[in-house]
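In case you want the letters, here they are:
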Amino acid sequence: MNPEGAAAAVPSWQDEALCAQTGADFFFPEPGSSVREAKSICGRCEMRSACLEYALANDERFGVWGGLSEKERHQLRRG
């Protein structure tokens, strides 16, 4: 358990993810901007499924996670 105010531990898959080597700009674009580049990077990433699982489990509402946009993750959750 983390003491209050301590940073949360970074999941181990994040160290190996391609997004960690690319930068957040592609994965958190301005509203209305294209997510094509982020999805392309995710498509080549071996950590894609772990990333998507993390995003769904933690209700990540912004950005591209595991190759899916906010809207796509919302649709996936709704079934």
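Residues numbered from 1 in each chain as written. Predicted model: local features only at pLDDT ≥ 70, side-chain atom pairs only at ≥ 80, totals over all residues. Heavy atoms only, no water.

Chemist: Mind showing me how you'd approach the environment of Pro31 here?
Modeler: Residue placement: Pro31 occurs in the loop between α2 (19-22) and α3 (36-43). On the basis of relative accessibility, which here comes to 79%, the residue Pro31 falls in the exposed class. (Helix = DSSP H or I, 4+ residues; strand = E, 2+ residues; numbered from the N terminus. Buried < 20%, exposed > 50% of the residue type's maximum accessible area, 1.4 Å probe, protein only.)

Chemist: Any chance you could explain the confidence of the model for the protein chain here in plain terms?
Modeler: The predicted model of the protein chain has a mean per-residue pLDDT of 88, with 89% of residues at 70 or higher. Taken element by element, the predicted model of the protein chain shows its lowest mean pLDDT in helix α1 (residues 12-16) (90) and its highest in helix α4 (residues 48-57) (97). (pLDDT = per-residue confidence, 0-100.)

Chemist: It is not clear to me how the packing of α4 against helix α5 (residues 70-78) should be interpreted in this structure. Could you clarify?
Modeler: If you want to describe how two helices pack, look at the angle between their axes and the distance between the axes. Packing of α4 against α5 brings their axes to within 11 Å, and their N-to-C directions diverge by 70 degrees. Considering their axes alone, α4 and α5 lie roughly perpendicular with respect to each other. Here α4 contributes Leu52, Ala55 and Leu56 to the contact with α5, which in turn contributes Arg73, Leu76 and Arg77. Looking at the contact of α4 with α5 residue by residue, the class counts come to four nonpolar, no polar and two charged. (Axes fitted to C-alpha atoms, helices over the stretch in contact; angles between N-to-C directions. Parallel < 35°, antiparallel > 145°, perpendicular 65-115°, else oblique. Contact = heavy atoms within 4.5 Å. Nonpolar A, V, L, I, M, F, W, Y, C, P; charged D, E, K, R; others polar.)

Chemist: I'm lost on the pattern of salt bridges in this one. Help?
Modeler: If charged atoms from side chains of opposite charge come close, those side chains can pair. Throughout the structure, instances matching the rule amount to three salt bridges. Among the salt bridges present, the one from Asp59 reaches Arg61, with a minimum N-O distance of 2.6 Å. A relative accessible area of 31% means that Asp59 is categorised as partly exposed. The exposure class assigned to Arg61 is exposed, which follows from its relative accessible area of 55%. Residue Asp59 is joined to Arg77 by a salt bridge in which the shortest nitrogen-to-oxygen separation is 3.7 Å. (Salt bridge = Lys/Arg side-chain N within 4 Å of Asp/Glu carboxyl O.)

Chemist: Sorry, what's going on with the nonpolar core here?
Modeler: Note on soluble globular proteins: their nonpolar side chains tend to be buried together. Formed by Trp13, Ala17, Cys45, Met47, Cys51, Ala55 and Trp65, the largest nonpolar core amounts to seven residues. The contact partners of Met47, leaving out residues within four places of it in the chain, are Trp13, Glu16 and Ala17. Ranked by size, the runner-up nonpolar core spans six residues in total, among them Val35, Ala38, Ile41 and Val64. (Core = buried A, V, L, I, M, F, W, Y, C linked by side-chain atoms within 4.5 Å.)

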